[in-house]
Amino acid sequence: MSKITDEIRERRAAHSAQTQMMLDMVPLSDTDTKYSLLSAATRYLHDPAIAEKWLSLIATETDTTLKADMIRQLAGTGLRQLNNTTELINMMIASLAQDESRDLILPILGRLSVTDQTAKQHLIQFYKQQENAGTSRLILSWLLIPLDASPEDIAFYKEIMHQADETDKLVIVNRLLLQDTLELATIATLLKPEEPIAIKEMVLRCCFDRSLVPVEALSTLLKTDTTPFIRTWCIQLLAVHGIDSTELTNTILHAYTQDPDQDVKQAALRVFEYSLQLTPAIIEHLCAQLAAAQNLQLLYLLAPYTAKNETLVHALLELSTQNIRADLAVAIYNILGKLIAQRPALFERFVQAYEQEQKDECRTAILQAITSFTPNDDSLNSFYSKALQAPSPAIKEAGIKGILLIPLTKANTEVVEAAAPVLLHTQLNRELRRLLARKISTIPQLNPATVQVFSQLADHEQDPVIKEICTRVQETAISQAGSSSINWEQWLHKADVAHSFAGIFPHIWMYYGENPEMANRILWAALTPGNSSSLYQEGVSDIEILRFLAMNKGMDDNLSRYALTQLLTTDLGNESKFNHYLLALKGNPGFPDLKDGLWQLLEKRGRYINLILLDEVLQPTAAEFSQQIEKQSTAAGMLPYISYLDKNCSWEPVPELLQAIMAKPFIPQDNDAMRAMKDACRNACLDADTLLRSIRPATSDDGPGFAD
């Protein structure tokens, strides 16, 4: 084995010596021979001695093309066989000026620069002299490879940072940010609006990571940059350490009010919510801005801070006393009014402000705030009462809210009751009027003036809830004061026009005698067909009305005609009502159409009515009855009259009338009529057969005679 190894070594040494001899001949040969000799020696370039000899030939070669080929061949070996790269580096640096070798030298020199500082320095110098963008980018790609940059490298990066194109600059800035070597001033220069978006985004991310806030640069970028998310990040960075200066406050406020992008506006709004530091200087500045610009948006941004910043509250109160727009003052009162419950001291300030304020809308806002807080005493009772007298509907409504807060004690009933006239203003809030009407209605003993207000309200009110309350108040007043509280005209209007009987029954029964004429008109209106459902809701029927009027001698011809019409037309399913209508007719026996109607009733509905009661109402004479039966030409038409005589068999003319009926030729021939006649005769103590024979002519059983 050792013999083979020795043989290989000897052979390699021989080849090396032979190759070196060929290389020694290169300087003495022409160009074609050089190519031939070098081509033969190329296969042994991995030998360190051959490589060193090759390197020395490159250094002395004057043919740039051949020199470039020699460098290419040497670079192809990987250069690992060279023990000392200093000579190679120097040679390459000297050859950089040659165009044929440059593209070969730069990658080799760049690879060496990663570990060799001399190569790096020369590469840096060549980069600074270079004007070709592609070559510069190639050099820079090698210069940026080391993870740990030296101070000289950092200085170089900073020097060329603003000279490189966008792509190279992005890489350089990224390396500097990773090395954490950029000062705040340098970072600020990278946040100019004209910088590429990618660089600004990268720098802003670094600032977020390290809580770096270049205030001036961010403020400028926020006002001038065209990219919404960049402006949003600027706002968020400015808020990192809090908005603690008037300049920053103005910057954020400008973004909230003027920025065209909604997301940027929302970012600015959130900054005001959590990062604004309300120092006395900032509060003074913001109030001055409010007074000058009178911007409601700014006020609403400050609203959340009023709950925890007493200085801001006093500043806004002071601002409200100045000559500012009414809507701004109203907004201030609305915001601060919500704090009265937690800060009772504000209550006195609001009371004073109400006395001094001249604008109705502002006084309304103050009143609404005051009514949200109820003091333990009754000091505001007169205050609320005065508010009810104001011409402004909004102030009236605020006064109503205050009255609703007053406890309904015995001492306060007069104040609450005095608020009743405001209910007549129907343009006010309906729910507030309902609540006030309900509260007043619960007072046990209302004075006549208040009852009159509710009576007047009932005439014109459209809201059903308030109308119901008015009716209840009137009913209570009638129960307490009697008929003096009855508005008869109103009752008639309700019955005749509104078709409502709420509050009328049962009082009209009780006080009928106080005004029977009006009561009759009201009750007559109740009998119109359009009032049937309203009467049903009150649990009153027309029969009750007729019965009451009959008992009180109030039946007139119209009522009698109504009762008679009902008898003739009422559905037969309600025949139980017939007797009641008949009784009502007894109250007006002088009704001209009474007898004709009752005869018609007997003929049409005789089988459904009480014929004894009918007799009491009709009270016919024998002649009148005879006239009626003479008009009948059929057995069916005669049956109601037979039934009438059957039920009233004690009447003196009955036998005579039955005989007259039996004399009708169609009666004996009809079975139904004969059965009815037999019943009537039996009840009248007559024999129907005898009566029948008495009306037939005598005949001879022997038949007719013959002449002799």
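Residues numbered from 1 in each chain as written. Predicted model: local features only at pLDDT ≥ 70, side-chain atom pairs only at ≥ 80, totals over all residues. Heavy atoms only, no water.

**Side note on a negative patch on the surface**
Here is step 1: A cluster of acidic residues, D556, D557, D593 and D596, forms a negative patch on the protein surface.
Here is step 2: By the element assignment, D596 lies in helix α36 (residues 594-605). (Patch = residues over 30% accessible without salt bridge, like charges linked within 9 Å, V, L, I, M, F, W, Y side chains within 5 Å. Areas by Shrake-Rupley, 256 points an atom, 1.4 Å probe, with all protein chains shown as cover. Salt bridge = Lys/Arg side-chain N within 4 Å of Asp/Glu carboxyl O. Lys, Arg positive; Asp, Glu negative; His and termini not counted. Charge placed at Lys NZ, Arg CZ, Asp CG, Glu CD. Helix = DSSP H or I, 4+ residues; strand = E, 2+ residues; numbered from the N terminus.)

**Considerations on the packing of aromatic side chains**
Here is step 1: Taken as a whole, this structure holds twelve aromatic pairs when the rule is applied.
Here is step 2: With centroids separated by 5.8 Å and ring planes inclined at 65°, the aromatic side chains of W599 and F625 adopt a geometry described as edge-to-face. One end of the pair, W599, is in helix α36; the other, F625, is in helix α38 (residues 622-630), with 26 residues separating them in the sequence. Each member of the pair, W599 as well as F625, is classed as buried.
Here is step 3: Aromatic ring contacts, followed pair by pair, group F501, F505, W509, Y512 and F548 into a single cluster. (Phe/Tyr/Trp six-rings, centres within 6.5 Å; stacked < 30°, edge-to-face > 60°. Buried < 20%, exposed > 50% of the residue type's maximum accessible area, 1.4 Å probe, protein only.)

**Quick look at helix α40 (residues 654-662)**
Here is step 1: Of the positions making up α40, those classed as buried are V654, L657, L658, I661 and M662. With its buried residues spanning 140° around the axis, α40 presents them on a single face.
Here is step 2: On its buried face, α40 sits against α38, α39 (635-647), α41 (671-683) and α42 (688-694). (Arc of directions from axis to C-beta. Contact = heavy atoms within 4.5 Å.)

**Considerations on the pattern of salt bridges**
Here is step 1: In total, this model carries 14 salt bridges according to the counting rule given.
Here is step 2: D209 serves as the salt-bridge partner of R210, at 3.3 Å between the closest nitrogen and oxygen.
Here is step 3: For R210, a relative accessible area of 31% gives the class partly exposed.
Here is step 4: Between D463 and R430 there is a salt bridge; the shortest N-O distance is 3.9 Å.

**Some remarks on the confidence of the model for the protein chain**
Here is step 1: Counting all residues, the mean pLDDT for the protein chain is 79, and 85% of those residues have values of 70 or more.
Here is step 2: Counting interchain partners and residues more than four positions distant, the pLDDT-below-50 stretch residues 698-703 has zero contacts. (pLDDT = per-residue confidence, 0-100.)

**Some points on the nonpolar core**
Here is step 1: Core analysis: the largest hydrophobic core is formed by 121 residues, its most contacted members being V203, I235, L276, L278, L316, F350 and I370.
Here is step 2: Ignoring any residue separated from it by four or fewer positions in sequence, one finds L278 in contact with I283, L286, L302, Y305, N309 and L312.
Here is step 3: Counting 74 residues, the second-largest nonpolar core is a separate cluster that includes A519, L567, W599 and A673. (Core = buried A, V, L, I, M, F, W, Y, C linked by side-chain atoms within 4.5 Å.)

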